[in-house]
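# Structural characterization, general
Read off the chains here:
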Amino acid sequence: MPAYASLLRYGDPELVGRAVATAVARGYGRIKLHEVDLACIRAAREAAPAEIPLMLDINCAWDTAEQAVDSAAPSPA
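Residues numbered from 1 in each chain as written. Predicted model: local features only at pLDDT ≥ 70, side-chain atom pairs only at ≥ 80, totals over all residues. Heavy atoms only, no water.

### What about the pattern of salt bridges?
Threshold: Here, a salt bridge means any side-chain nitrogen of Lys or Arg that lies within 4 Å of a carboxyl oxygen of Asp or Glu. Numbering of helices and strands runs from the N terminus, with a helix taken as a DSSP run of H or I at least four residues long and a strand as a DSSP run of E at least two residues long. Only protein chains enter the accessibility calculation, which uses a 1.4 Å probe; a residue is then buried when its area is under 20% of its type maximum, exposed when over 50%, and partly exposed in between.
In the structure shown here, the tally under the stated rule is 2 salt bridges. One salt bridge in this structure joins Glu 14 and Arg 18, with 3.2 Å as the shortest N-O distance. Note that Glu 14 and Arg 18 are positioned in helix α1 (residues 13-25) at a spacing of 4 residues, about one turn of the helix. For Glu 14, a relative accessible area of 55% gives the class exposed.

What follows is the structure, encoded as structure tokens:
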């Protein structure tokens, strides 16, 4: 039965990357994050192979779907 690693909210990209790499090394094929900061989410994506899906549990940090979409959109340069 497939299992996923459910990580804490670390709030620091370096810590997120290390936690994701550890979960992958332990054999988890799916990772659930509790991060709301885009830099932390990017660190997780960089630490996990592309074939490992990432899930986000943001614990109601956004009130509307529009806020969620806006948070995922790249910032204007």
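### Details of the confidence of the model for the protein
Rule in force here: The pLDDT value expresses, per residue, how confident the predictor is, ranging between 0 and 100.
Summarising the model, the protein shows a mean pLDDT of 89, and 94% of its residues fall at 70 or more. Per-residue pLDDT, averaged within each element of the protein, yields its smallest value for helix α3 (residues 65-72) (78) and its largest for α1 (98).

### What about the sheet that holds strand β3 (residues 54-56)?
Operational definition: Note on pairing: DSSP must find at least two bridges between two strands before they are called paired.
Across the sheet, which stays open at both edges, the 3 strands sit in the order β1-β2-β3 with parallel pairing between neighbours. Two strands bound the open sheet, and with one partner strand each, they are β1 (5-6) and β3. Sheet topology places strand β2 (residues 31-33) next to β3; 3 bridges connect them, and they run parallel. The residue bridging Ile 31 from the neighbouring strand is Leu 54, located in β3.

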